[in-house]
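Next come the chains, spelled out residue by residue.
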Amino acid sequence: MLKRIPIFAFTLTAACAAIAHAQDSAEAEVRAAIQQLFDGMRAGDSAMVRRVLVDDVRMSRAMERDGVPALRSGSAEGWLNAIGTPHDEVWDEQIWDLDIQVDGRLATAWMKFAFFRGETFSHCGVNAMMLFKDTDGWKVFSLADTSRQTNCWMPPGRHEGQHPT
């Protein structure tokens, strides 16, 4: 019996390590899909962004309009068209405090953001994404955010008006 305890402990430790590695790998894949979305936005490449979205992705914004709570929802087509339309300034959405949770083929991601048009601060808030892992990898099927221009935070190491390093 005493000889079996070390074998059981080793097997349990190895199984836990394998699960942790798989979880870390899935989180890294989700992080890469999110990074591709924002890299595509900075590059003005709507096709790059579209590759990490399901066809019927749901876009929502929770905000206040004239002091009244409002939830605006719709498709991503307008956003993708805006990304792909040439513009003089880089659209730079800086994200941080990214929290990813994964279970099988479902993942959630929550992050703070500050959005800049070139050197100019535009707005801040949080992004909440839900992702699904299909045969091509992780895809966003729901993206919700908040948007405000006051009481904002800036990404670590950046102050309002300062270009990211």
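Residues numbered from 1 in each chain as written. Predicted model: local features only at pLDDT ≥ 70, side-chain atom pairs only at ≥ 80, totals over all residues. Heavy atoms only, no water.

Participant: Hey, could you run me through the overall build of the chain in this one?
Facilitator: Secondary structure assignment for the chain yields three helices and six strands. Start at the N end of the chain and walk to the C end: the helices and strands fall as α-α-β-β-α-β-β-β-β. In the chain, which comprises 165 residues, the share counted as buried stands at 33%. Accessible surface for the chain amounts to roughly 10,200 Å². Of this, 56% is attributable to carbon and sulfur atoms. (Helix = DSSP H or I, 4+ residues; strand = E, 2+ residues; numbered from the N terminus. Buried < 20%, exposed > 50% of the residue type's maximum accessible area, 1.4 Å probe, protein only. Areas by Shrake-Rupley, 256 points an atom, 1.4 Å probe, with all protein chains shown as cover.)

Participant: What's the story with the pattern of salt bridges in this structure? I'm lost.
Facilitator: Two side chains that carry opposite charge are able to pair once their charged atoms sit near each other. This structure, assessed with the given rule, holds seven salt bridges. One salt bridge connects Asp92 with Arg42, and the closest N-O pair in it is separated by 3.1 Å. On the criterion of sequence distance, the pair formed by Asp92 in strand S3 (residues 91–103) and Arg42 in helix H1 (residues 4–43) is long-range, its members being 50 residues apart. For Asp92, a relative accessible area of 5% gives the class buried. A residue is classified by how much of its surface remains accessible, and Arg42, at 24% relative accessible area, is partly exposed. Here Asp134 ties to Lys139 by a salt bridge, and the two come within 3.7 Å at their closest N and O atoms. You can call Asp134 partly exposed: its relative accessible area is 23%. (Salt bridge = Lys/Arg side-chain N within 4 Å of Asp/Glu carboxyl O.)

Participant: Sorry if this is basic, but what is going on with the state of the cysteines here?
Facilitator: One way to say it: the disulfide is the covalent bond shared by the sulfur atoms of two cysteines. Throughout the structure, instances matching the rule amount to one disulfide. What pairs with Cys124 in a disulfide is Cys152, and their sulfur atoms sit 2.2 Å apart. Its S-S torsion of about -90 degrees marks the bond between Cys124 and Cys152 as left-handed, since a negative value means left-handed. Taken together, the residues span a long stretch of sequence, with Cys124 in strand S5 (residues 120–134) and Cys152 in the segment after strand S6 (137–146) at a distance of 28 residues. According to the relative accessible area criterion, Cys124 is buried, its value standing at 0%. (Disulfide = S-S within 2.5 Å.)

On their own, these measurements won't tell you what the molecule is for.
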